[in-house]
Every structure is written in C-alpha cells, then in structure tokens.
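# A look at the structure
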Amino acid sequence: MGQSVNLNLIIDQVAKDKGIDRQVIVDLLEQAILTAAKKTFGAERTLEAHYNPDKGVVEVFQALTVVEEVTDPLQEINQLTLEEARQKGIEAEAGDELVFQIFYRDEDAAEAKAQDDRYGDILKLKTFRRGFGRIAAQTAKQVILQRTRDAERENVYNEFKDRKGDIATGTVRRFERGNIIVDLVRAEAVLPIREQVPRETYRAGDRVQAYVLDVLRESKGPQIVLSRGSPHFLTKLFEMEVPEIAEGVVVIEAAAREPGGRAKIAVSSRDQDVDPVGACVGMKGSRVQAVVQELRGEKIDIVPFDPDPAAFVCSALAPAEVSRVLIDDANHAMEIIVPDDQLSLAIGRRGQNVRLAAQLTGWKLDINSETRVAELRDFAFHSLSQLPGMTDTLVEVLYAHGFRKAKDIADASPDVVVQIPGINPELIPEMQAKARSQMYDDAAELSRIEQEREAARIAEARRHPDELTPRERLIRVRGVSERTAEQLEAGGYNTVEDLIAEADVMKLGDNSGLGVKKAKQVKFAAEQYLTEEQRLREELNAERERQAAARMLETATPAAPADAE
C-alpha cells in the first residue's frame, strides 16, 4: 500500500469502470485500511481511518483517553495517564481524548520518526510498524476486492429490481442443465427451462428477448430470472407494438397462453372512437404480426372484452359460434351450448380453445352440442322421474337447479334437497334410497347412449362424399356452421370448390360478410377438407369394390350337392 501513490486517480478510474459511486469506494478504502490496522495492532485498540483527498491517502489514527490513573487493565492500551502526558510535554486534562496518527512503513519517514521519538513509547507501536505496510496492502486488497464485488452486485440488484416486469434484451452466453444464461451487458440472467417455449432453440451468441420475471437477492449476487413463456411477455410485446396500449387508451384486460401454440388476449377501449381489436391488429395486421414473429409463429386471437361474463365467454370461444349459455354463479361455471357442427371448433385441437377461453375469462367452462344437451335432458327426465313423488313440474324444477340424474339426488345433502320448491321433506329418505339403486340403471343407459352416438358419428363421418349435398359438404369444412354456410351462399359461394376458386381472400370476406380473417381461415380449411375428402372417397370406393367382388364370388360359386341318403 504505497503512500507515494495518489489514490484520487485510481478511485476515479474504478468508479468509472465499475459504475460505483466515488464515495462508496472511499468508504471501502477506509474500511480496508482500518481492518488491516486492527489486524496488525490489535482489535482492542481505538483506531480510525480517514481518507485525505488533498494527499490522496488513507490516514490511520489512534485515540487515547487521558485519565488520572489506569483502573481497568483491559483499557490501558487506549488510555494515557496525566503523568505520562506531562512527561511528553502534552497539556491535557482528565477526560480529554488525544488522537495520534500512525504512519506506514517507508513513507513519510521523517515525520514518522519525529512522532516516534516523541510519542512512540506512549503509543507502544514501535514494534508493530515494521510490518504494517505489507500486511495493510494484503488485507486492504482482499477487503477492497470483496467489497467492490459486493458493491457491484448491489448496483446490479438496484438497477434490475426496478426492471422487474419489463422486457430485457441480451445475448445467449452458455447453457447450464437446460437453463440458458443470458448476457445483459451489465449482468447475467437465467432463462430457466420451465420458462422457455417448447420447440424454440438457441445457440451461443443468439439475441434473445424475454420478460424479467423476478430479481432475487442471492449471496453470490442478484439472480435475474427471465421468461419467454409467461402471458406477461405477450402483453408487454403488445405494449411495445401498440401505441394506444402504451398511452392507456386501449387496455389489455386479460391474457391466456399456451407457449408455442396459441394465445388469446382480451382488450377494451377507453375511447369509444378507438376500436381496441383493430388497434392491436394494425394496418394489414402489421402490429400483431410483429408480436407473432417475436413469438416464433405462435397464433394469437384478439377478442373484445365485455363486462357481461356470458358475452365475454362467447367472444373468447371465437371462432366458434355459441347458441346458449347457462351460468352457475355459485360454482363460477358456465355450460356452453353450441351447434353440433361447432362442437369440435369450440373445443379446439386437444381442448386448446376451451382451455384458453377458460383461462382468459376465469370461468369453468363445459361445452356441449345442442344434440348432446337434448340427449342429456331426456336422460335427466327419465332418471329423475323414477324417484317417488316426482311430477313433470318437479322434474323441471330439479333440472333447473342442476340435478341431472338420480345420482345427484343420492349424493346431495338432505338439507339441500329440502330447499327445492315442491319437495316433500318426508319423502327425501325414500327418494335418496331409490336414487342409489337407480344409479346402476342410469350407468347402463348412459353407456348404451354413448355407444349409439359413437356409431352414428362414425357412420355420418364415413358417408360417401358423392352422397352429400353441396350444403352438407360446406358444413363439413372446419369452422363453417349453418349460419356461415348461409353467408357464403348469399355471397355466391355455394360449394367447397367455389371457395378454392376464389383467389382474392379480401373479396371472399367482403362478399360473404365474414371479414378477411374468418375468410382466410375458411379458405384454408376448405383446402384441407378437399384433401381429406379425396382420401375418404378413394378409401370408400375401394371398400365398395371389395364388397362387390365378394358378392360376385358368392353368386358364381355353386352350392354344394346334398349328401345322398
């Protein structure tokens, strides 16, 4: 620790390079030298270290308290008697505190020798000064390095704790057990495997943009946790791309996402002249496409928010059309009834559409087709009417209260059943006993209904395409309901081939009134349908040929003669 070195330049350079406040470094130096001094001279001494900006050095001092006589041997090293002070020519009174500077070895030698000659015996430091310079340098270096690292970590934490909830851009640095370490210039962040998007791959040096999920204060330094799979990442991207959202005119009310697959966001507008969906889509879809591109092709549905839960759920299930909505406020659930041809569209591939709609709206959703609802209603009336004391009116009341089969009565508490209008309390034990026995018959009946439905579905799906009417073929196209088919026919598109022949999607949307987005979906689905239809036609034709050949073989083969008596 050379006193000949002016520390002002070093402090300024370190402050600039490390981004640490100058006073923090000065405090570190003072603490480092004080630690070294205490290690050399003893922790029991009353020592102080102060930075002298004029000289650019850290000066060390020891404080001695003047006493008439030493009464506590443990404090003798920090005390000076009046007699000793007079011997050294020091004018002092009992209770005064005297401060003496301690000099480094080989530095300020003349000044050190002069004080040593005058006060050395008092301070009792002669035997210690020989090694103070070297020990101070080693100890100070360790302390400064450690405290500088701590200060850097604190700076990083303070910088990024306020960026929690923002988007950060960095470079892929390395990989650790599936986690991606991202260089953010001032710090390193981790993109955990659970917050990554399936099918996204990275290489070292790739640029990566992610949502700052959390900033944790760890012993080894702050840990910045990133995410690309969070719904908040989706909303932040829209904030960046849509000025109306950043200005607060358009509000993202909710977002749901299955990373890498599909996402839905619900938006509303605080200005009636601003269309929230149109603002998010942008001119020719430019804004939403920018978000889709950042999410590597993830499909995004933008739906208008509605304070009416039923209307909101209907929008969230788009592009499927909804016939009726039954709301169960007590269980925060809804039963959604859709046309038969819309059931698969409403549910989505592997249930994705209904899952996202449920996440977006916060309601539990149960989707059934109109035919299915009619079947369940007939089954419910048959099951409940078997119980004692039942009338058609009472069955209607039970059905309206959510009782769909005898099992529901058997499992219900008598206190709940007795509250149903029209129920005779005296018959409840008998009703529940009968309901428990009826459960087995109901299970068998449900199994039969399911088998019949599956057989009918398979038979309908395997009807020969040549036997279908143009309307039936249109409705078999994914996303085309009876109402959509009527709109297409009104626009002059009567067959699936008409949809394929229309090269201009905008014209298709305008003529049918479906809009460009829906028209694009229908046209794509029509192309898929024709491919599947051709495969089914070839399969059914081959099957017909095999059946015809089998019948001809049976006709051509003569019957075996009867055995003679």
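These lines cover the structure that appears in this document, whether it is placed above or below. (Residues numbered from 1 in each chain as written. Predicted model: local features only at pLDDT ≥ 70, side-chain atom pairs only at ≥ 80, totals over all residues. Heavy atoms only, no water.)

Okay, the pattern of salt bridges next. Counted according to the given criterion, the structure contains 29 salt bridges. Residue Lys 55 pairs with Glu 59 through a salt bridge whose shortest N-O separation is 3.8 Å. Of the residues examined, Lys 55 reaches a relative accessible area of 47% and is grouped as partly exposed. With a relative accessible area of 11%, Glu 59 lands in the buried category. Arg 174 is paired through a salt bridge with Glu 188; the nearest N and O atoms lie 3.0 Å apart. (Salt bridge = Lys/Arg side-chain N within 4 Å of Asp/Glu carboxyl O. Buried < 20%, exposed > 50% of the residue type's maximum accessible area, 1.4 Å probe, protein only.)

In this section: unusual backbone geometry. Omega for the peptide link from Ala 318 to Pro 319 comes to 10°, which places this bond in the cis form. Structurally, Pro 319 can be placed in the loop between α10 (309-316) and β13 (324-328). Not every positive phi belongs to a glycine, and Arg 199 is a case in point at roughly 75°. Looking at the element boundaries, Arg 199 is found in the loop between β7 (188-191) and β8 (207-216). Despite not being glycine, Lys 284 has its phi angle at roughly 55°, a positive value. (Helix = DSSP H or I, 4+ residues; strand = E, 2+ residues; numbered from the N terminus.)

What follows covers the environment of Ile 500. Of note, Ile 500 is situated in helix α20 (residues 496-501). A sequence separation of 30 residues divides Ile 500 from Leu 530, and the C-alpha atoms of the two residues are 9.3 Å apart. With residues near it in sequence (within four places) discarded, Ile 500 still touches Lys 523, Ala 526, Glu 527 and Leu 530. (Contact = heavy atoms within 4.5 Å.)

Attention now goes to the sheet that holds strand β11 (residues 262-269). Sheet architecture is open: 3 strands sit in the order β10-β11-β12, paired in mixed fashion. Of all the strands in the sheet, just β10 (250-258) and β12 (299-304) have a single pairing partner and so form its edges. Within the sheet, the average angular offset between the axes of one strand and its neighbour, ignoring direction, is 20°. Alignment of β10 against β11, held across 8 bridges, turns out to be antiparallel. Bridge assignment links Arg 257 to a residue of β11, and that residue is Ala 263. Relative to the sheet, helix α6 (residues 231-241) contacts β10, β11 and β12, its axis offset from that of β10 by approximately 140°. (Pairing = 2+ DSSP bridges. Axes fitted to C-alpha atoms, helices over the stretch in contact; angles between N-to-C directions.)

Before going further, it helps to examine the packing of aromatic side chains. By the definition in use, this model includes 2 aromatic pairs. Residues Phe 305 and Phe 312 carry aromatic rings whose centres are separated by 4.9 Å and whose planes lie at 70° to one another, so their mutual orientation is edge-to-face. Given the relative accessible area of 6%, Phe 312 is considered buried. Ring plane angle 45° and centroid distance 6.0 Å describe the contact between Phe 381 and Tyr 399, whose orientation is recorded as tilted. Residue Phe 381 is found in helix α13 (residues 370-384), and its partner Tyr 399 is found in helix α14 (residues 392-400); the two are separated by 18 residues along the sequence. Over the ring of Tyr 399 we find Arg 377; its NZ or CZ atom is 5.0 Å from the centre of that ring. Taking NZ or CZ as reference, Arg 404 lies 4.1 Å from the ring centre of Tyr 399, over its face. (Phe/Tyr/Trp six-rings, centres within 6.5 Å; stacked < 30°, edge-to-face > 60°. Lys NZ or Arg CZ within 6 Å of the ring centre and 35° of its normal.)

So, about the pairing of β7. Successive residues of a regular strand alternate their side chains across the two faces of the sheet. Bridging between strand β6 (residues 179-183) and β7 involves 4 bridges; their strand directions are antiparallel. Bridge pairing in β7 links Val 182 to Ala 189. Turn length for the β6-β7 hairpin, with the two strands adjacent in sequence and antiparallel, is 4 residues, and the turn residue Val 185 shows positive phi of about 75°.

A separate point is α14. Turning to α14, its buried residues are Leu 394, Val 395, Leu 398 and Tyr 399. All buried residues of α14 project into a common sector of 140° when viewed along the axis, lining one side. Residues Thr 393 and Ala 400 are exposed on α14 and point more than 90 degrees away from its buried face. Buried residues along α14 sit in contact with α13 and α15 (406-411). Of the residues one or two after α14, Gly 402 is the one with positive phi, at around 95°. (Arc of directions from axis to C-beta.)

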